[in-house]
Protein chains: 2
Amino acid sequence: MLTIGKLGAQAGVKVPTIRYYEQIGLLPEAGRSAGNQRLYGRKALERLAFIRHARDLGFTLEAIRDLLSLSDNPEQPCVAADAIARAQLAEVERRLARLTALKAELERMVVQCVGGKIADCRVIEVLGDHSLCSTDHRHPESESSP
Amino acid sequence: MLTIGKLGAQAGVKVPTIRYYEQIGLLPEAGRSAGNQRLYGRKALERLAFIRHARDLGFTLEAIRDLLSLSDNPEQPCVAADAIARAQLAEVERRLARLTALKAELERMVVQCVGGKIADCRVIEVLGDHSLCSTDHRHPESESSP
DNA sequence: CTTGAAGCTATAGTTGCTAGAGACATTAGC
DNA sequence: GCTAATGTCTCTAGCAACTATAGCTTCAAG
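Residues numbered from 1 in each chain as written. Chains lettered and ligands numbered in written order. Predicted model: local features only at pLDDT ≥ 70, side-chain atom pairs only at ≥ 80, totals over all residues. Heavy atoms only, no water.

## Remarks on the domain arrangement of chain A
Then, number 1: Domain boundaries in chain A define domain 1 (4–59) and domain 2 (79–132).
Then, number 2: When each unit is reduced to the centre of its C-alpha atoms, the spacing between domain 1 of chain A and domain 2 of chain A is 36 Å. (Domains from an automatic or database assignment.)

## Some remarks on the interface of chain B and chain A
How big an interface is tends to be stated in terms of the accessible area lost upon association of its parts.
Then, number 1: Taken together, the 61 residues of chain B in the interface contact 61 residues of chain A.
Then, number 2: At the boundary of chain B with chain A, total buried surface from both sides reaches about 5,100 Å², with 74% on carbon and sulfur atoms.
Then, number 3: Per-residue buried area on chain B facing chain A is highest for His53(B), Ile118(B) and Leu127(B); these three make up 14% of the total on that side.
Then, number 4: Where chain B meets chain A, there are two salt bridges.
Then, number 5: Between the two partners, chain B and chain A, sit 18 residue pairs in polar contact (both at pLDDT 80 or more).
Then, number 6: Secondary structure elements with two or more residues in the side of chain B that touches chain A: α3 (42–56), α4 (61–71), α5 (79–112) and α6 (122–128) of chain B.
Then, number 7: No other element matches α5(B), which puts 20 residues into the side of chain B that touches chain A. (Contact = heavy atoms within 4.5 Å. Buried area = accessible area lost by both parts, 1.4 Å probe. Salt bridge = Lys/Arg side-chain N within 4 Å of Asp/Glu carboxyl O. Polar contact = N/O pair within 3.5 Å; in protein donor to acceptor, adjacent residues only side chain to side chain. Helix = DSSP H or I, 4+ residues; strand = E, 2+ residues; numbered from the N terminus.)

## Focus on the confidence of the model for chain A
Then, number 1: Per-residue confidence for chain A gives a mean pLDDT of 90; residues scoring 70 or more make up 94%.
Then, number 2: This model gives residues 141–146 of chain A a pLDDT under 50, and the stretch forms 15 contacts once residues within four places in sequence are excluded. (pLDDT = per-residue confidence, 0-100.)

## What to know about unusual backbone geometry
Then, number 1: If you check the backbone angles, Asn36(A) has positive phi at about 75° while not being a glycine.
Then, number 2: With respect to the helices and strands, the residue Asn36(A) is situated in the loop between β1 (31–32) and β2 (38–39).

## Let's talk about the UniProt feature "domain: HTH merR-type" (unreviewed entry) in chain A
Then, number 1: UniProt feature "domain: HTH merR-type" (unreviewed entry): in the numbering of this structure it lies at residues 1–70 of chain A.
Then, number 2: Split by type, residues 1–70 of chain A is 60% helix and 6% strand. Its first and last C-alpha atoms lie 26 Å apart. (UniProt positions renumbered as here; feature names shortened; annotations may be inferred.)

## Observations concerning the packing of helix α3 (residues 42–56) of chain A against helix α4 (residues 61–71) of chain A
Residue and element names in this part refer to chain A.
Then, number 1: It is at 10 Å that the axes of α3 and α4 come closest, and there the two elements cross at 135°. Between α3 and α4, the angle falls in the class oblique. Once α3 is placed against α4, the crossing between them reads as right-handed. Residues Arg47, Phe50, Ile51, Ala54 and Arg55 of α3 touch α4, and the partners they reach there are Leu61, Ile64, Leu67 and Leu68.
Then, number 2: Tallied by class, residues from the contact of α3 with α4 come to seven nonpolar, no polar and two charged. (Axes fitted to C-alpha atoms, helices over the stretch in contact; angles between N-to-C directions. Parallel < 35°, antiparallel > 145°, perpendicular 65-115°, else oblique. Left-handed = near helix turned anticlockwise from the far one by under 90°. Nonpolar A, V, L, I, M, F, W, Y, C, P; charged D, E, K, R; others polar.)

## Digging into the packing of aromatic side chains
Residues and elements named next belong to chain A.
Then, number 1: Under the criterion given, the structure shown has two aromatic pairs over all chains.
Then, number 2: Between Tyr20 and Tyr21, the ring centres sit 6.0 Å apart and the planes meet at 45°, which makes this aromatic pair tilted.
Then, number 3: Taking the relative accessible area as the measure of exposure, Tyr20 reaches 39% and is therefore partly exposed. (Phe/Tyr/Trp six-rings, centres within 6.5 Å; stacked < 30°, edge-to-face > 60°. Buried < 20%, exposed > 50% of the residue type's maximum accessible area, 1.4 Å probe, protein only.)

## Let's talk about the protein's contact with DNA strand D
Then, number 1: Around DNA strand D, 19 residues are found, and the nearest of them are Thr3(A), Arg19(A), Arg38(A), Tyr21(B) and Arg55(B).
Then, number 2: What you see for DNA strand D is that sugar and phosphate hold 88% of its atoms within 4 Å of the protein.
Then, number 3: Within the side chain of Arg19(A), an N or O atom sits 2.4 Å from a phosphate oxygen of DNA strand D.
Then, number 4: At 2.9 Å from a phosphate oxygen of DNA strand D is found a side-chain nitrogen or oxygen belonging to Tyr21(B).
Then, number 5: Where the surface near DNA strand D is concerned, the elements lending two or more residues are α1 (4–11) of chain A together with α2 (15–23) of chain B.
Then, number 6: Sort the elements by how many residues they give to the surface near DNA strand D and α2(B) lands first, with three residues.
Then, number 7: Of the residues assigned to the surface near DNA strand D, the class counts are four nonpolar, 10 polar and five charged. (Near = heavy atom within 4 Å.)

## Brief notes about the protein's contact with DNA strand C
Then, number 1: Contacts to DNA strand C come from 18 residues, most closely from Tyr21(A), Arg55(A), Gly5(B), Arg19(B) and Arg38(B).
Then, number 2: Counting only atoms of DNA strand C within 4 Å of the protein, the sugar-phosphate share comes to 90%.
Then, number 3: One nitrogen or oxygen atom from the side chain of Thr17(A) is found 2.9 Å from a phosphate oxygen belonging to DNA strand C.
Then, number 4: For the surface near DNA strand C, the secondary structure elements donating two or more residues are α2 (15–23) of chain A together with α1 (4–11) of chain B.

## Regarding α1(A)
All names here are of chain A.
Then, number 1: All of the buried residues along α1 are Ile4, Leu7, Gly8 and Ala11. Mapping the buried residues of α1 onto a view down its axis gives an arc of 100°, with all of them on the same face. Among the exposed residues of α1, those oriented more than 90 degrees off its buried face are Lys6, Ala9 and Gln10.
Then, number 2: Turning to α1, the residues buried within the fold contact α2, β2 and α3. (Arc of directions from axis to C-beta.)

## Here we look at the relation of the copies chain B and chain A
Then, number 1: Superposition of chain B onto chain A requires a rotation of 180° combined with a translation of 0.0 Å along the rotation axis, giving an RMSD of 0.1 Å. Interpreted geometrically, this transformation is the action of a two-fold axis. (Least-squares fit on C-alpha atoms with pLDDT ≥ 70 in both.)

## Notes on the pattern of salt bridges
Then, number 1: Evaluation of the coordinates by the stated rule reveals 24 salt bridges over all chains.
Then, number 2: One salt bridge in this structure joins Arg47(A) and Asp72(A), with 3.3 Å as the shortest N-O distance. Remark: Asp72(A) occurs in the loop between α4 and α5 (79–112) and Arg47(A) occurs in helix α3; sequence separation between them is 25 residues.
Then, number 3: Its relative accessible area of 23% is what places Arg47(A) among the partly exposed residues.
Then, number 4: A salt bridge links Arg108(B) to Glu105(B), with the nearest nitrogen and oxygen atoms 2.9 Å apart. Separated by three residues within a single helix, Arg108(B) and Glu105(B) lie in helix α5, roughly one turn from each other.
Then, number 5: For Glu105(B), a relative accessible area of 2% gives the class buried.
Then, number 6: When salt bridges that share partners are traced, they join Glu91(A), Arg94(A) and Arg95(A) into one network.

Right, here's the structure in full:
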């Protein structure tokens, strides 16, 4: 049996994060020791490693919740899991495209900066005037995690 | 003079977001009409467009705060602005590298899925066992906005 | 003059954690 | 056996960067 600290160390997840996952129902409530400390077995470790790995791959907690409930029913068809993974892949591809455009624009910006006064600075100037941009990097369509 | 709605429409920023920017001090407090409604001039529009553009390029509000105060002092040297832009470029490049690795892993995952039962699903299996991965996509080093 | 859109304030919710306070449990060294 | 150092407990609040809601007032068109 593992205490929460050992579990976290083995799975690569911080202790408060584990408690948070329990709180939102991603992990089942752990058994407790005589002194009220959480104790975990191998199954909990596997489940937490699954979550950690999926987070590393950028899945949201909501998607992970679905994937976990799928993995809890091994007899069901796997189309749903496949769909979640494909959606995540599509999301990653959209972000890649967007970041590539941003990179190009930022490069243009810093390359043009010749290092004089702010009044002559291309960085400030370009930020103030979108028409100086080459690509259309508007409409952020959510850039967030991850 | 523009009402907050017109300003938002012109700059491509939602009305509550403008009020939020004012609240956190990114925009100065706007003048008010007789009926206590905010009124904006050309300068406010330029400043908001600057913010919007920088957000589109992924700068944090904190970085934008710095860029704005730089642009308010046009006689200062522009190294600071350049540094902020370069830092943002480096950040974008790190995210690109990471997303590229994620994309490869996700592709491997979905390609291997043959569509049977969950018990045989590669997606679930790979998520449960990191050693099945080809790349080391661990240590997220903050994937967040944008 | 009325109606509907747009504005106002203030508060709470989102995602995925992270940090802190103050109290109890466990373990290592002596 | 004792003490000190960790580790764990609960609870609350905070982060970014907004978004949404409620309940009100003001404005512009017909």
